[in-house]
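Listed below, chain by chain, are the residues.
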There are 2 protein chains.
Amino acid sequence: MKTRWDMQRRDESLSRENIIEASIALLDYGGEEGLTFRALSERLATGPGAIYWHIANKSDLLTAACDAVVARTMNEIVDTMPEGTIRAIALGLFEMIEVHPWIGSALTSAHGSSPALRILERIGQQIRTLLVPKEQQRTVVGTLMAFILGVSRQNAANRQLAREQNLDRAEFLEEVSIAWSKLDAKEYPFARSVAGQIRNHDDRTDFLTGIDLILTGIEAMRFRSVPQVRHSASRLR
Amino acid sequence: MKTRWDMQRRDESLSRENIIEASIALLDYGGEEGLTFRALSERLATGPGAIYWHIANKSDLLTAACDAVVARTMNEIVDTMPEGTIRAIALGLFEMIEVHPWIGSALTSAHGSSPALRILERIGQQIRTLLVPKEQQRTVVGTLMAFILGVSRQNAANRQLAREQNLDRAEFLEEVSIAWSKLDAKEYPFARSVAGQIRNHDDRTDFLTGIDLILTGIEAMRFRSVPQVRHSASRLR
DNA sequence: ACCTGAACACCGTTCAAGT
DNA sequence: ACCTGAACACCGTTCAAGT
């Protein structure tokens, strides 16, 4: 059952890098549940226990795999104008999570961890050149990150859902559109009203519109010398 | 080991509702890994198999638990002015996920599912009264939802992380602040520059600032008759 | 120092058997 | 119709034993 490739691979001794690369392959192929210590040790032609010599536990492994892919994605992005670069980063992450859907959830669990930090840094550097006031930079970057990861994760989840139901994109959207148009008219007027639009929308375009929405908000905020005071925050707490 | 309460509970026969309520309690207490069919059947004084008579599988159970909490949260929000209501919905969801961190991940996996739909509908109705052009409503609501859930999830994950390290909020932020200020100056200039701000920030305020950023963007967009054409989308694809 | 693989304590889920 | 609980096929992780 062992292919030439497997044997060759094992010629190199086991290393943290080997393990991470094999993990990424398993995750890409079988999703989060595709990564098990048994599958991993089989692919690496070793025992499950051996892996624990190089990595602490499964969570450590997931973060490391995540970090490797994020670092690669970030290195592929070339800087141009700040807004353009932000869009490129956004789209790069969107497509990364589309190809590696498991990254979405792996990335949540670590604000201080190194993959999330890479993204924060990259966006932050652009926001600085956009001349956003210093006190607002952190919030603005946080807003962009939350939005980018939120949409990308949702997009990946939808694709996953479609695949589970053995539908292509068009069929899946058709199903959702039909389901929404059949909702109760009193309780779900909005969902019904947009049901028709679902069919022909483009995920990337929607995503970039959202990014532009936020960039527009940033620009508008830049020209307000004093940050606006909102009473709702304290009133609603 | 059985308390009076447990016994009393079992007097009512098993039902889907019973099971969902018990699941929520387990999830709140022990997080996602706190919900197991063994713990659940013990709490309900029955066997693991009995549960399968009322629910399809664990995923079904999670969605149902999620839906129950989301429905409750949404019912608590009273409508006022559209912007105010959107902030109230946002903050309501933020606090909901803070109290029930497991909802964050449960909510991702289901764009068409009923908990996500409730949220979409509620926000959508407000966006309609804001007179956003019909073709942009879907995208705008999607933007808000992605942002709200993205930030809330991140916030819940941070709290979880702090708890795992047995730190209170202040200690945790202090740790992050110190870690960021020690990063490499060439590679992480932005993270270093905001390290100091981490210490004294308020999560809710940041969150509402982000919401306002998006609402500002929406307002600006409303006054453009023709939706702006972005070349980056096709250029970057 | 690094690897092996059996063993442990868990999972979700099924299903023959009961009432 | 609804419940029981043993059994199945998995998990992540540990650890004595090897090289």
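As the structure is a computational prediction, the values presented were derived from the model and not from experiment.

Definitions and limits used
Residues numbered from 1 in each chain as written. Chains lettered and ligands numbered in written order. Predicted model: local features only at pLDDT ≥ 70, side-chain atom pairs only at ≥ 80, totals over all residues. Heavy atoms only, no water. Near = heavy atom within 4 Å. Polar contact = N/O pair within 3.5 Å; in protein donor to acceptor, adjacent residues only side chain to side chain. Helix = DSSP H or I, 4+ residues; strand = E, 2+ residues; numbered from the N terminus. Least-squares fit on C-alpha atoms with pLDDT ≥ 70 in both. Contact = heavy atoms within 4.5 Å.

Take the protein's contact with DNA strand C next. If you check the shell around DNA strand C, you find 18 residues, and the closest are Thr-46 and His-54 of chain A together with Arg-38, Tyr-52 and Lys-58 of chain B. When the atoms of DNA strand C within 4 Å of the protein are grouped by moiety, sugar and phosphate amount to 55% of the total. Gly-47 of chain A is positioned with one of its backbone polar atoms (N or O) 3.5 Å from a phosphate oxygen of DNA strand C. In this structure, Lys-58 of chain B approaches DNA strand C through a side-chain N or O atom, which is 2.6 Å from a phosphate oxygen. Looking at the surface near DNA strand C, the element that brings in the most residues is helix α4 (residues 48-51) of chain A, giving three residues.

This part takes up the protein's contact with DNA strand D. As a structural note, the neighbourhood of DNA strand D is formed by 18 residues, with Arg-38, Tyr-52 and Lys-58 of chain A together with Thr-46 and His-54 of chain B the closest of them. Protein-proximal atoms of DNA strand D, defined as those within 4 Å of the protein, fall in sugar or phosphate at a share of 53%. Within the contact set of DNA strand D, a phosphate oxygen lies 3.4 Å away from a backbone nitrogen or oxygen of Leu-14 of chain B. Separating a phosphate oxygen of DNA strand D from a backbone N or O atom of Gly-47 of chain B is a distance of 3.5 Å. Contributing elements (two or more residues each) for the surface near DNA strand D: α3 (37-43) of chain A together with α4 (48-51) of chain B. Element by element, the count of residues in the surface near DNA strand D is highest for α4 of chain B, at three residues.

The two copies are related by a screw motion: chain B maps onto chain A through a turn of 180° and a shift of 0.0 Å along the axis, at an RMSD of 0.0 Å. On the angle and the small slide along the axis, the relation comes out as a two-fold axis. Interface residue correspondence from chain B to chain A reaches 100%, placing this contact among same-surface, isologous pairings.

None of the figures reported here should be taken as evidence of function without further support.
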